Every structure is written in C-alpha cells, then in structure tokens.
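The lines below spell out each chain.
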Amino acid sequence: MVNQFGLKFKILILLNMKLELTFYKQLKALFTSIIMFLAIIFIAYYVGFNDKNTYKIIIPLIVILILPTLYLHINYYNKCKNYVYILNKDEIKVIKNNREVDYRKENFKEIKIYMSGTRMAGLALRNFPFENYYYTKIVMHDKHEIIIPCLFSNNIDRILVSLYNEIPVIKIKSFYPNIV
C-alpha cells in the first residue's frame, strides 16, 4: 500500500514538471570533477610544485579526468541554454527565448537515451567522471527532435520513461555521449 501511494504521489508531481537549467544543477553535475580537481591540487601541493615529476603526474590527470568532463558539460550547456521544458503526460512544451512549441505525445516515435556502458549497467563506480553524463533524444514522426541532457535532471531518463511508457525506448551505449 505504501508503494502504491508513493508511486501515485510521484506521478502527480510529474504531471506538470518544469525543467530549467540552474547554476545549482550545473554544480551538482560537476561535483565529481570538482572533487577530483581539488584532490589533484591537494596532492600537487602536498608533494610540492617545485618537483618536475609532480607536473608529469598532474597534467595527464587533468587532461584525462577533468578536461573531457568539462568539454562535455560545456557541450550540453551550449546545446540547451535558454531552454525550458514543461513535461506532462500528454505533451512536452519547449520554451526558448519566450517562444513556446508544443509537442504532442501522439507524435512521439521513440525515445533514445545516449549513455555510457557503466551508467547503463547501473554501476555505482565509474571509471571517468564524464560517464555520469548522458542525454535523451525524443524523435518525432515528423522528424523533429527534442534533446534533453542530464543537466536538467539527473533522472531525466526515468522521468521520460515513466511519463511516456507506451513510447519505445532505445538505450544507446556511447563511451563519450557528446551531442552532435
């Protein structure tokens, strides 16, 4: 009985959900990268910046762990800045620069979710911080597309699947899910 009430409550909340990009959501998405960067700086400070071997370790760590995540974050931000999505069970309203477009659920052909293999498998430990980034693409019958990255909500895949459960969902494994 408790699960049914909790599920009904979640569905009521999702009936008219507004997704906006905020500074807090961006910080939340970058949290792992920020922690890694601070840890790298701490190690460099602890070992000493004057040692030449320190730079041989720090620079590759930043290039391998921080820069790809930062690039992916900027890519997602540039593709979705100034967008607001209002989701309900019948449609998605996309608002950009005070211009509103309604996409009816009847026009949805499929929902594609581009994510890393570790995220797809539901593993808690990731190899790289950018593996937590993913985006969804809702493809319409008339060839229009709505792209919603995880910067709007870390659970956007679950939200879309629960709202539009009759629409086919295709999960696409991508090592580096960059929006092209």
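These numbers were taken from a predicted model, which means no experiment stands behind them.

Trainee: Where do I start with the sheet that holds strand β1 (residues 17-20) in this structure?
Mentor: Reading across from one edge, β1-β2-β3-β4 is the order of the 4 strands in this open sheet, with antiparallel pairing throughout. The outermost strands of the open sheet, each flanked by one partner alone, are β1 and β4 (99-104). With direction set aside, neighbouring strand axes in the sheet form an average angle of 20°. Examined bridge by bridge, strand β2 (residues 83-87) and strand β3 (residues 91-96) share 5 bridges and lie antiparallel to one another. Pairing of Ile-86 across the sheet is with Lys-93, part of β3. Packing of helix α6 (residues 156-163) onto the sheet brings it into contact with β1, β2 and β3, and relative to β2 it is tilted by some 40°.

Trainee: Would you mind going over the pairing of strand β5 (residues 108-115) with me for this structure?
Mentor: Along any regular strand, the residues point their side chains to alternate faces of the sheet. Buried residues dominate β5, accounting for 6 of its 8 residues. Across 5 bridges, the pairing between β5 and strand β8 (residues 169-173) is parallel. Looking at the pairing, Lys-112 lines up with Ile-170 of β8.

Trainee: Even after reading the chapter, I still don't get unusual backbone geometry, so can you show me in this structure?
Mentor: Most peptide bonds adopt trans geometry, and most residues besides glycine take a negative phi value. Within the chain, Asn-82 stands out as a residue other than glycine whose phi angle is a positive 70°. With respect to the helices, strands and loops of the structure, Asn-82 is situated in the loop between α4 (52-80) and β2. At Lys-143, a position not held by glycine, the phi torsion is positive, near 75°.

Trainee: Quick question: what am I supposed to make of the packing of aromatic side chains here?
Mentor: Each aromatic ring pair is summarised here by two numbers: the centre-to-centre distance and the angle between the ring planes. On inspection of all chains with the given rule, the structure shows 10 aromatic pairs. Taking 6.0 Å as the distance between ring centres and 85° as the angle between the ring planes, the aromatic pair formed by Phe-128 and Phe-175 counts as edge-to-face. Note that Phe-128 is positioned in the loop between α5 (117-121) and β6 (135-140) and Phe-175 in the segment after β8, a separation of 47 residues in sequence. Where Phe-130 meets Tyr-176, the ring centres are 5.0 Å apart and the plane angle is 75°; that geometry is what we call edge-to-face. In this pair, Phe-130 sits in the loop between α5 and β6 while Tyr-176 sits in the segment after β8, placing the two residues 46 residues apart along the sequence. Looking at Phe-130, the relative accessible area reads 4%, which means it is buried. Ring pairs connect the aromatic residues Tyr-76, Tyr-114, Tyr-133 and Tyr-135, which therefore count as one cluster.

Trainee: Explain the nonpolar core to me, please; I cannot follow it from the model alone.
Mentor: Looking at soluble globular proteins, one finds that nonpolar side chains tend to be buried together. Counting 34 residues, the largest nonpolar core has Tyr-85, Leu-87, Ile-92, Ile-146 and Tyr-164 as its most contacted members. The biggest single contributor to this core is β5, with 5 residues. Ile-40, Ala-44, Leu-65 and Ile-66 belong to the second-largest nonpolar core, a separate cluster that totals 5 residues.

Trainee: It is not clear to me how the sheet that holds β8 should be interpreted in this structure. Could you clarify?
Mentor: Pairing between the strands of a sheet is mediated by backbone hydrogen bonds and can be parallel or antiparallel. An order of β7-β6-β5-β8 is seen for the 4 strands of this open sheet, with the pairing classed as mixed. With partners counted over all chains shown, the strands left at the sheet margins are β7 (145-149) and β8, one partner each. Across the sheet, the mean angle separating the axes of adjacent strands is 20° when strand polarity is ignored. Note: β6 against β7, 5 bridges, orientation antiparallel. Residue pairing for β7: Lys-137 is matched across the bridge by Ile-147.

Trainee: Explain the pattern of salt bridges here, please?
Mentor: Two side chains that carry opposite charge are able to pair once their charged atoms sit near each other. One pass over the full model with this rule turns up 8 salt bridges. When the shortest N-O distance is used, the salt bridge between Lys-18 and Glu-20 registers 3.7 Å. The exposure class of Glu-20 is partly exposed, given its relative accessible area of 34%. Residue Glu-145 pairs with Lys-137 through a salt bridge whose shortest N-O separation is 3.9 Å. Judged by its relative accessible area of 15%, Lys-137 falls in the buried class. When salt bridges with common partners are traced through the structure, they connect Glu-91, Lys-93, Glu-100, Arg-104 and Glu-106 into a single cluster.

Rules used throughout
- Residues numbered from 1 in each chain as written.
- Predicted model: local features only at pLDDT ≥ 70, side-chain atom pairs only at ≥ 80, totals over all residues.
- Heavy atoms only, no water.
- Pairing = 2+ DSSP bridges.
- Helix = DSSP H or I, 4+ residues; strand = E, 2+ residues; numbered from the N terminus.
- Axes fitted to C-alpha atoms, helices over the stretch in contact; angles between N-to-C directions.
- Contact = heavy atoms within 4.5 Å.
- Buried < 20%, exposed > 50% of the residue type's maximum accessible area, 1.4 Å probe, protein only.
- Phe/Tyr/Trp six-rings, centres within 6.5 Å; stacked < 30°, edge-to-face > 60°.
- Core = buried A, V, L, I, M, F, W, Y, C linked by side-chain atoms within 4.5 Å.
- Salt bridge = Lys/Arg side-chain N within 4 Å of Asp/Glu carboxyl O.

Shape descriptors only; they carry no functional weight alone.
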